[in-house]
Every structure is written in structure tokens, then in C-alpha cells.
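Here's the letter readout for the chains.
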Amino acid sequence: MRAEVVAVGTELLLGQIVDTNSSWIGEQLALAGIDVHYQSKVGDNHARMVDVLQVALDRNDAVIVCGGLGPTQDDITREALAELMGVDLVTDAVVVERIQAMFGSRGRDMPANNLRQAEVPEGATVITQQPGTAPGLVCPVGDKVVYAVPGVPYEMQEMVSGTIIGDLRARAGDTACIRSRTLRTWGQSESGLAELLADRIDELDRSGAATIAFLASGIEGLKVRITAKGATDAEVDAVLAAEEHVLRRMLGEIVFGADDETMESVVLDLLRDRRLTLAVAESVTGGLIASRLTDIAGASDVFRGGVVSYASDVKFDVLGVPEGPVVSSSAAEAMAVGVCRVLGADVGLAVTGVAGPDEQEGQPVGTVHLGLAVGGDVSSLQLRLPGDRPRIRQFATITLLDLLRRRLLET
């Protein structure tokens, strides 16, 4: 079974929006054992859309077209699909009711142009999942199929996961179970991970029991994905569990979590287990650490809060940092101690540094000092981080949280 992803939207061609949808869909297809040899992008032009879809269909068994299902005049995916199928558009009464109900639940009247979203190529099936006003479509074209999904990522993902992957595997006659488990790591480069696991990857290539792939995910760390295929869920789960055990033993403490676990969720769980509370003092990261922590539901039972001490006088007057250089390990340590005192926390984290574009206090761009206070134990770490301003801030955030994670594992 071969499939192609076609992303629709002139804004994609102009670089106004980054096409993350195609990469996500491609990953899901690969996990399901469906080959993807091409991905295409096309602007909001009817003739070019039909041409691109026809080419994609000629060289594949299935096509997933993403975008162009909205209510405005430039949303013309439905019309292009109808021409490709050689049919007319018809109004689906069930979709009309769904859209009306969505607007009604918000106390709003439905604009008339939303009725365009209920127009469906004759012979197409509406995808059951419809989290927004745009319905997804399953469009048969001879013995092949085109799936249409909205460009809104969470809407698209629900449809791909809920309907499309299963339908593709059924069409392929594949009844095997394919699953993945992802180990999340921090503290090693992608090339370093590949070197550490080179012999294990060779062993798996020979045995065919599972496969290993790497995915660099920036602030989320480096991911090591294990994929296995078997006749039953239980068989696959056993293979994944066994391989996870092997990899954790090989990689050690750089593995901080698995699957949906994040560095911040792991740190919060460790604090919770040890009945400790946390406060953060942030300069260079400007509240990014506190934001990541409070993204996790239930963080309030251990996270006391944060102080964004961006200005030097805030460090001095609020956190009690001694007068002097503020981009230093001693300042980071004093910030960590000070935020514990100010917010009444057991554990204090602090970060100060230079994100650029210019050096500060004679320190080059990328210089970051991390502070950690746990009870009476105060420590610091100096880093030289690569990249531009956003990446320096992001890498400082996950590295500081990892510093706390490793310290908590010692207790």
C-alpha cells in the first residue's frame, strides 16, 4: 500500500505557514507500515489542484489531501475532488445539522457561507470524527481512494487517527499489529545516540524483532522510537517492553521518560513523590520554565510559582542577589535560594544568562548559568549553548529541569 500526502494552501508555498501536518501524517503512515514516496504542496488554484491530485493518484493507491475544506471562497478542495471523481457536489443534511449545532452550542448564529462545508462530492463518505465545522471525506476514485482532512492540526489528527489509518490498513489487507514506544532523552547528541546504539541496531536489523529510529525534537529532547510488528497486541507489547528494558540499560540516566511524558511532567511527579514544593527564578528564559510547568494539569500541588527577575534590580531587591555581576554562577545560586525564601518552596531553580544578540557583562552569547537549591544544598552549572535566542532559551529550560530531575533521583 502506497500513499501520498498533498497539502493545500497558497500560504504554504509563500512560507507564511510551516507545513507540520504533512510530516505528522507521514510519521503515522510509516508507523502503520504504509509506504510514502512523495509529499506535495499546491496553492489554492482549482486546475493545479486537480492536476496534482491526479498525478498523486496515478502513482499511489491512496492520497491524503490536507486543507481547503473551510467556508471561504479560496477553500476549493471539495470542488477539485468532485471533478477528480467526475461527480457533482451535494449537500449533506447531517453535516448541516452538525455545523448548526456547533454554532448553537456557542450561542451564535451560523453564517450562511458555512453551508459550503456541508457540500460533499456525490459518492463520498463523511468521516465520523468532526471536531470542527469542516467534515473530512473518504472519496473513492475507481479502486483507489482520496481522503480529505482539514488543515487545522488537531482536527486533522483526530480524523487520521480515528478513521484513515484503520481504513488504509483494511484496504491493504494488513491485520498485523504495529506499535511504537518512544524513549525521551536529554544530554546526548543524535550522533552520540546513534554511536551508543549502533551494535544494538545491527542486531535488530538481523533479527527483525523491532526497529529503532531517532528524532531530534528540540526542547522536547531527542527521541528514540522503537517499532515492532506482530500478530497480536500482546505479542507486540512484549517485544516493546523487552526492547525498552535493553535500551534503558544501555542509555542510563539520559532517558527521562517515555511516550507522552515530558521533562516537566517527570520532574513534577518526582517532586510529588518526595513531597517537595518548587519555585523558579528566571531571567534569560523570561517565564518559559514556569509556563512549561503550568501546562501540566495538577502542577499546583507542588509548583509554588515563579519570579521573572529580568531586570538586575529585581534580582537584587526581590531575590536578595548581592550587588555585582548578574550573569554568573554565584548570581544563579543566590536567585535559587532567594526564590525559595520569597515563595516558601523546598526547592529553587534559577537561570541567568545571555541569549543575544550581543554579549553581556563580557559573557558571550549562549552563556547560561543554572542554579539549584534543595534544602541547604546549593549548586550551579555553567553552560555554553548553541543557536539563536529562542533555542538558547529553550535549551536552558530543559537543561535546568533535567538538572533537577537528576538531583531528585539521588534522594
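Our subject is the structure that appears above.
Bear in mind that the values here come from a model prediction, so they are computed numbers and not experimental data.

Trainee: Would you take a moment to explain the overall build of the protein chain for this structure?
Mentor: From N to C terminus, the protein chain includes 14 helices and 17 strands. The C-alpha extent of the protein chain, read off along each of the three principal axes, is 75 × 55 × 40 Å. Residues classed as buried in the protein chain amount to 50% of the 411 residues present. Excluding contacts between residues fewer than 6 apart, the proportion of contacts in the protein chain whose partners are at least 24 apart in sequence is 67%. When the accessible surface of the protein chain is summed, it comes to about 18500 Å², and 49% of that surface belongs to carbon and sulfur atoms. Taking the 36 positively charged and 58 negatively charged side chains of the protein chain as two groups, their mean positions are separated by 3 Å.

Trainee: Teacher, can you tell me more about the side chain of K315 here?
Mentor: Note that K315 resides in helix α12 (residues 312-317). E361 provides the closest opposite charge to the buried, salt-bridge-free K315, at an N-O distance of 7.9 Å. A polar side-chain atom of K315 sits 3.3 Å from the main-chain carbonyl oxygen of Y310. Those residues in contact with K315 that lie beyond four places of it in its chain are S283, S309, Y310, G320, V321, V326, M335 and T352.

Trainee: Explanation requested: helix α2 (residues 20-31) in the structure shown.
Mentor: Owing to its 3.6 residues per turn, the α-helix aligns residues three or four sequence positions apart on the same side. With twelve residues, α2 should cover 16 Å at 1.5 Å per step; its first-to-last C-alpha distance of 17 Å lies within 8% of that length. N21, S22, W24, I25, G26, Q28, L29 and L31 are the residues of α2 that are buried. Summarising the contacts, the buried residues of α2 are in contact with β1 (2-8), β2 (35-42), β3 (62-66), α6 (153-172), β9 (177-185) and β11 (222-230). Positive phi appears at G33, one or two residues downstream of α2, with a value of about 80°.

Trainee: Explain the sheet that holds strand β15 (residues 347-353) to me, please; I cannot follow it from the model alone.
Mentor: Two pairing modes exist for strands in a sheet, parallel and antiparallel, and in both the strands are linked by backbone hydrogen bonds. Here we have five strands laid out as an open sheet, ordered β14-β13-β15-β16-β17, and mixed in their pairing. Where the open sheet ends on each side, the last strands, each with one partner, are β14 (303-308) and β17 (377-384). Each neighbouring strand pair of the sheet contributes to a mean axis angle of 15°, computed without reference to strand direction. As judged from the seven bridges shared by β15 and strand β16 (residues 367-374), these two strands associate in the antiparallel manner. Within the sheet, the bridge partner assigned to V347 lies in β16 and is V374.

Trainee: Explanation requested: the side chain of T397 in the structure shown.
Mentor: Considering the arrangement of structural elements, one finds T397 in helix α14 (residues 389-409). When sequence neighbours within four positions are dropped, the list of residues in contact with T397 reads T285, L288, I289 and R292.

Trainee: Help me out: how do you make sense of the nonpolar core in this one?
Mentor: Soluble, globular proteins show a tendency: their nonpolar side chains are buried together. Grouped together as the largest cluster of nonpolar side chains are 35 residues, with contacts concentrated most on L278 and L404. Among the elements of the structure, α10 (263-273), β13 (278-282), α11 (288-294), β15, β16 and α14 are those that each provide at least two residues to this core. Among the elements that line this core, the one with the most residues is α14, at eight residues. Leave out the neighbours within four places in its chain, and L278 touches L271, L293, V302, F303, R304, G305, A345, V347, L349 and L404. Residues L57, L81, L84 and L137 belong to the second largest nonpolar core, which totals 30 residues.

Trainee: So what exactly am I meant to see when it comes to the pairing of β3 here?
Mentor: Every regular strand shows the same layout, with side chains that alternate between the two sheet faces. The buried fraction of β3 is high, at five of five residues. Burial along β3 is two-sided: A62, I64 and C66 and V63 and V65, pointing in opposite directions, are all buried. Note: β1 against β3, five bridges, orientation parallel. Pairing of A3 across the sheet is with A62, part of β3. The sheet contact formed by β3 and strand β8 (residues 144-149) spans five bridges and is parallel. Across the sheet, C66 pairs through a bridge with V149, a residue of β8.

Trainee: In this structure, what is going on with the packing of α10 against α14? I would like to understand it.
Mentor: Helix-helix packing is described using two parameters, namely the angle between the two axes and the distance between the axes. Between α10 and α14, the least distance of the axes is 10 Å, while the angle of their chain directions is 30°. Relative to α14, the element α10 lies roughly parallel. The two elements α10 and α14 meet at a crossing, and its hand is left-handed. Note on element contacts: α14 touches α10 through I398, L401, D402, L404, R405, L408 and L409, opposite M263, E264, V266, V267, L270 and L271. Of the residues contributing to the contact of α10 with α14, the split by class is ten nonpolar, no polar and three charged.

Rules and cut-offs
- Residues numbered from 1 in each chain as written.
- Predicted model: local features only at pLDDT ≥ 70, side-chain atom pairs only at ≥ 80, totals over all residues.
- Heavy atoms only, no water.
- Helix = DSSP H or I, 4+ residues; strand = E, 2+ residues; numbered from the N terminus.
- Buried < 20%, exposed > 50% of the residue type's maximum accessible area, 1.4 Å probe, protein only.
- Contact = heavy atoms within 4.5 Å.
- Areas by Shrake-Rupley, 256 points an atom, 1.4 Å probe, with all protein chains shown as cover.
- Lys, Arg positive; Asp, Glu negative; His and termini not counted.
- Charge placed at Lys NZ, Arg CZ, Asp CG, Glu CD.
- Salt bridge = Lys/Arg side-chain N within 4 Å of Asp/Glu carboxyl O.
- Polar contact = N/O pair within 3.5 Å; in protein donor to acceptor, adjacent residues only side chain to side chain.
- Expected span 1.5 Å × (residues − 1).
- Pairing = 2+ DSSP bridges.
- Axes fitted to C-alpha atoms, helices over the stretch in contact; angles between N-to-C directions.
- Core = buried A, V, L, I, M, F, W, Y, C linked by side-chain atoms within 4.5 Å.
- Parallel < 35°, antiparallel > 145°, perpendicular 65-115°, else oblique.
- Left-handed = near helix turned anticlockwise from the far one by under 90°.
- Nonpolar A, V, L, I, M, F, W, Y, C, P; charged D, E, K, R; others polar.

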